[in-house]
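Residues per chain are reported as follows:
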Amino acid sequence: MCGIIGYAGSIRAAPILTQGLTNMEYRGYDSAGVGIHDGRQISIKKDTGKIDEIKERLGIDSLNGNIGIAHTRWATHGKVSQVNAHPHTSCESKVTVVHNGIIDNYQKLRINLETAGHLFISDTDSEVIAHLIEDNFKSSGDYRSSIIAACEVLEGSFAFVVIFKDNADTIFGVRKDAPLILGIGKNENFIASDILAFIKKTDEVIFLENFELVEVSKDSYQIMSLSGEQKIRESVKVAWEASDISRKDFSHFTLKEIHEQQNTIRQSLNQNTNILNDFCDILGNSNKIYIVASGTSLHAGFIAKQLLARVVKIPSEVVIASEFISYADLIDSDSVILAISQSGETADVLDAIRTAKGRRGKIISIVNTPGSSLTRESDQVLFLNCGPEIGVAATKSFTSQLAIIYQLVLILSGRTQDIAELTNISNLVPELLSKEEEVSKICDTFASNTDFYFVGRGLNFTIALEGALKLKELAYVHAEGLAAGELKHGTLALIEEGTPVIVLNPDDETYYETLNNASEMKARGAKIIGISNKPNPIYDYHLQIPTVDRIFYPILEVIILQFLAYYGAISRHHNPDYPRNLAKSVTVK
Ligand code: F6R
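Residue numbers here run from 1 along each chain, matching the order of that chain's written sequence. Two thresholds apply to this predicted model, a pLDDT of at least 70 for residue-level local features and 80 or more for giving and counting side-chain atom pairs, whereas whole-chain, interface and lining totals are computed over all residues. By convention in this description, side-chain values take in all heavy atoms of the structure and omit both hydrogens and water.

## Some details on the pattern of salt bridges
Then, in step 1: One speaks of a salt bridge when a side-chain nitrogen belonging to Lys or Arg is within 4 Å of a carboxyl oxygen belonging to Asp or Glu. A complete count under the given rule lists 31 salt bridges for this structure.
Then, in step 2: A salt bridge links aspartate 47 to arginine 57, with the shortest nitrogen-to-oxygen separation between them at 3.0 Å. With a gap of 10 residues between them, aspartate 47 in strand E3 (residues 42-48) and arginine 57 in helix H2 (residues 51-58) connect regions that are remote in the sequence.
Then, in step 3: Exposure remark for arginine 57: the relative accessible area of 47% places this residue in the partly exposed category.
Then, in step 4: For glutamate 377, the salt bridge goes to arginine 354, with nearest N and O atoms at 2.7 Å. Here glutamate 377, found in the loop between helix H11 (373-376) and strand E20 (380-383), pairs with arginine 354, found in helix H10 (residues 347-358); they are 23 residues apart in sequence, far enough to count as distant. Under the DSSP-based scheme used, a helix requires at least four consecutive residues in state H or I and a strand at least two consecutive residues in state E, with every element numbered from the N terminus. Only protein chains enter the accessibility calculation, which uses a 1.4 Å probe. A residue is then buried if its area is under 20% of the maximum for its type, exposed if over 50%, and partly exposed in between.

Right under this line is the structure:
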């Protein structure tokens, strides 16, 4: 979703800002722009399309000026157009703003401002911020207080960075419920929504808190609350492989990240024992566990619920983060909320945990991104340690989530002797990666099919959901994940000659029942793609996976399904790294 960056330094801002935008491309966007202060005025260049093309077309990198702001937009209010791209400026071009989030009351504010004579040129909610600040600045003549006064009337979520025509040295940033990070360099400072925007320049950061305003020049910064009180905050070093954001020799980040899983699974298992034990104590002593997540992380949550029930014998509920409010009344001080999120910035998840916190629930999280809002708002955190995930589709983060969930479940159930087998799972990844070409050929065979079904039972059912989500997301085809036993209750009616069905069928207690379901579909013309450690003539295509303890199959199966989605996209000529309409970090509700 929208990415923002501001720069105040001693060299030209434009190339630094466009590089920052490129580093945030993975978040998903449809337009981009910059505002550069050249000492006299602010030049705004913006358009729809890809950053590289916009940069070339508008000659952005040759703009002069050592301070500036920039933005990638993922449209929410107002169509994708040049005029709706950020930065936005006020009537007299005195205030220029880039914004991430949604201003809920923008319609009312806009009417008030228009009545007061302001002229709006875009359809965005964000433009009100520039006009509001300009209005306040006219009466106060003070930069900070004009921003603070604007924040007092804004409702919704926001992180924005502002520059003023009359101030060629300073950028200002402020946040409420959307991330904003100060990057502290030598003779240069940054404000951005994402560490990756400036990680090549500095790894010294301060994660701004809600309702904090930061005033930044090239050699200083000041943080204050919205009541004007100065805040002293320690900076931290981001000790993350954060600078590893190159594709290496892979054609796409998604492919690189699928291939990284041997290492990333191992890294995820390398956890601080005290924190692991603390997690286990919290989970083991609660009988009100709510697992909260969205999308792929939600699927990890389903696996956690099943394993807690079957292996540890404790109950838990999985709640879709965006639906959490329906369960809010059940939360009290005995409740534990296990939030799972790659980004740690998913608005639905943050909203859910804030609701739970308000009811005195304990928040524990499994997160990838250090310093993200979820990590800072949780009572305890386990990190995935899988490095930045740039491909919009979650791949390595999912297997890392599973690895941590397995580790917790094995400790909680006293099956610590099985941790060695879990650790060995990462050594099986190359065997799965060796299926790449086979999967790509299968994808070519089904390149013109538009409906796919994924089925499995038990834990494999959840992986069927994940496989279908991934294929929809990357190949833009209809795909459905189903509990194999549910087919005969309706969906079997859709199976016809040539329908591809992916059957997740490891040799566990569900093997024969799932095989029967595969036969039922084959009898109706389906083409069966079996993913199993045990071959069977029912499969038209068989993708062999290694034999492991039955609880570990999901982590192996899903790697094959990631390839299936990736090559599903390639065979349809789509770019798997940037699926249409989707954003990596979903910071709006
Ligand atoms: C699917 C995908 C999304 C995310 C979801 C939650 O491949 O990436 O469904 O899983 O948006 O994101 P996080 O895990 O960052 O909370």
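Read on for the rest.
## Some remarks on the packing of aromatic side chains
Then, in step 1: Any two rings among Phe, Tyr and Trp, with Trp reduced to its six-membered ring, count as a pair given centres within 6.5 Å; such a pair is stacked if its planes are under 30 degrees apart, edge-to-face if over 60, and tilted if neither. Overall, the coordinates contain 13 aromatic pairs when judged by the stated rule.
Then, in step 2: Ring centres of tyrosine 511 and tyrosine 512 lie 4.9 Å apart, and the angle between their planes is 90°; on these two criteria the pair is classed as edge-to-face.
Then, in step 3: Using a relative accessible area of 1% as the deciding quantity, one classes tyrosine 511 as buried.
Then, in step 4: For tyrosine 512, a relative accessible area of 53% gives the class exposed.

## Observations regarding the pairing of strand E11 (residues 204-207)
A regular strand places its side chains on the two faces of the sheet in alternate fashion.
Then, in step 1: Two strands are counted as paired when DSSP detects at least two bridges linking them. Where strand E9 (residues 181-184) and E11 come together, three bridges link them in antiparallel fashion. Within E11, the residue paired with isoleucine 181 across the bridge is phenylalanine 207.
Then, in step 2: Two strands pair when backbone bridges link them, and E11 and strand E15 (residues 236-237) are joined in this way by two bridges, in the antiparallel orientation. Paired with glutamate 204 across the bridge in E15 is lysine 237.

## Notes on the sheet that holds strand E18 (residues 336-341)
Then, in step 1: The strand order E17-E16-E18-E19-E20 describes an open sheet built from five strands, whose pairing is parallel. The outermost strands of the open sheet, each flanked by one partner alone, are strand E17 (317-320) and E20. Sheet twist, expressed as the average angle between the axes of neighbouring strands with direction ignored, equals 20°.
Then, in step 2: Relative to strand E19 (residues 362-367), E18 is paired through six bridges, and the arrangement is parallel. Bridge pairing in E19 links leucine 338 to isoleucine 364. What counts as an axis is a line fitted to C-alpha atoms, over the stretch in contact for a helix, and the angles between N-to-C directions run from 0 to 180 degrees.

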